[in-house]
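Below, each chain spelled out in residue letters.
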Amino acid sequence: MRAWGASPYRAVGVYVGGRARACPQPELNAGWLRGVRGLGWSVLPLYVGSQAPCVQAANKKKYRLGEDPMGTGTEEGRDAVRAARELGIAARSPLYLDVEAYDERRAECAAAVLSFVRAWDRAVTAEGYVPGFYSSADSGVAQLERERRAGTADLPEVMWFAHWTGSASLDAPEVLAPQAWTPQRRIHQYEGNVTETYGGQALSIDRNQVDAPVATLG
């Protein structure tokens, strides 16, 4: 992170917890976050919990939701808050629920995801944090946009949409209405799996345009 201070980027996504988080992070602790913040980086906390029953990624299928998506959402929302607090992330910070791509056209699957997400949002909100949501534009984001238009309650307050257009814009006219999740409630992941080198350190990253809340450290 010190080497990448030479980059044009100033925010980093940090996977703070969740049973579907892809890799252990033994060096992630409150001291590391304070150090990164001291270097001038903003932090976007991500929680990778249970996934859709029809999740597409093979490595996420073992984390699919079971028969009680609402109960699971409540439990995992509380777990996300616990993980955030252990890292020194203060209340009123956003916590972004990572739901990987799924077939949102499958009604039963989509219903389970919605129940899970809404319960997660309620649990996070009850603890004083801001519920955010990360997913693909053509799956989770498309579904939640329909729910927003329908007036569904307990939806995420911040939308992080993966839409690899290659353009660093916050607009997504074919996905989100212009007034949806505004102002300062959007993150656009516009390009992925890009290798860049700064300060002699090469990393494969996903590029994002951010106009949204970031973590505050206590």
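Just above sits the structure.
Only a predicted model underlies this, so the values are computations on that prediction, with no experimental measurement involved. (Residues numbered from 1 in each chain as written. Predicted model: local features only at pLDDT ≥ 70, side-chain atom pairs only at ≥ 80, totals over all residues. Heavy atoms only, no water.)

J.: Before we go on, may I ask you to explain the overall build of the protein in this structure?
T.: Each helix and strand counted, the protein has 4 helices and 7 strands in total. In terms of its C-alpha atoms, the protein occupies a principal-axis envelope of roughly 50 × 35 × 35 Å. Buried positions account for 49% of the 218 residues belonging to the protein. Here the analysis covers contacts within the protein between residues at least 6 apart in sequence; of these, 74% occur between residues at least 24 apart. Carbon and sulfur atoms make up 47% of the accessible area of the protein, which totals about 10500 Å². One way to put it: in the protein the 24 positive side-chain charges average out to a point 4 Å from where the 25 negative ones average out. (Helix = DSSP H or I, 4+ residues; strand = E, 2+ residues; numbered from the N terminus. Buried < 20%, exposed > 50% of the residue type's maximum accessible area, 1.4 Å probe, protein only. Contact = heavy atoms within 4.5 Å. Areas by Shrake-Rupley, 256 points an atom, 1.4 Å probe, with all protein chains shown as cover. Lys, Arg positive; Asp, Glu negative; His and termini not counted. Charge placed at Lys NZ, Arg CZ, Asp CG, Glu CD.)

J.: Looking at this model, I keep getting lost on the side chain of glutamine 51. Mind explaining?
T.: Examined against the element boundaries, glutamine 51 turns out to sit in the loop between strand 2 (42–47) and helix 2 (69–86). Within the local environment of glutamine 51, its side chain forms a polar contact with the backbone oxygen of glycine 49, the two atoms lying 3.0 Å apart. Here glutamate 100 takes part through its backbone nitrogen, which lies 2.7 Å from a polar atom of the side chain of glutamine 51. Setting aside chain neighbours within four positions, we find glutamine 51 in contact with Ala20, Lys60, Tyr63, Arg64, Leu65, Asp98, Val99 and Glu100. (Polar contact = N/O pair within 3.5 Å; in protein donor to acceptor, adjacent residues only side chain to side chain.)

J.: So what exactly am I meant to see when it comes to helix 1 (residues 30–38) here?
T.: Along an α-helix, a turn takes 3.6 residues, which lines up residues three or four apart on a common side. Residues of helix 1 that are buried: Ala30, Leu33 and Val36. Taken down its axis, helix 1 places every buried residue within 125° of arc, on the same side. Opposite the buried face of helix 1, at more than 90 degrees from it, the exposed residues are Arg34 and Gly38. Tucked inside the fold, the buried residues of helix 1 contact strand 1 (11–17), strand 2 and helix 2. (Arc of directions from axis to C-beta.)

J.: How do you make sense of helix 4 (residues 137–150) when you look at a structure like this?
T.: Compared with the 20 Å implied by 1.5 Å per residue over 14 residues, the 18 Å span of helix 4 between its first and last C-alpha is a close match. Listed as buried for helix 4 are Ala137, Ser139, Gly140, Val141, Ala142, Gln143, Leu144 and Glu145. Considering only its buried residues, helix 4 is in contact with helix 3 (107–126), strand 4 (130–136) and strand 5 (158–162). Positive phi appears at glycine 151, one or two residues downstream of helix 4, with a value of about 85°. (Expected span 1.5 Å × (residues − 1).)

J.: Is there a simple way to think about the environment of tyrosine 102 in this case?
T.: Tracing the backbone through its elements, the reader meets tyrosine 102 in the loop between strand 3 (94–98) and helix 3. Overall, tyrosine 102 belongs to the buried group, its relative accessible area being 2%. Between the C-alpha atoms of tyrosine 102 and serine 135, which are 33 residues apart in sequence, the distance is 9.2 Å. Once you skip the residues sitting within four places of it in the chain, tyrosine 102 turns out to touch Ala52, Cys54, Val55, Gln56, Cys109, Val113, Ser135, Ser139, Gly140 and Gln143. There is a polar contact of 2.6 Å between the side chain of tyrosine 102 and the side chain of glutamine 143.

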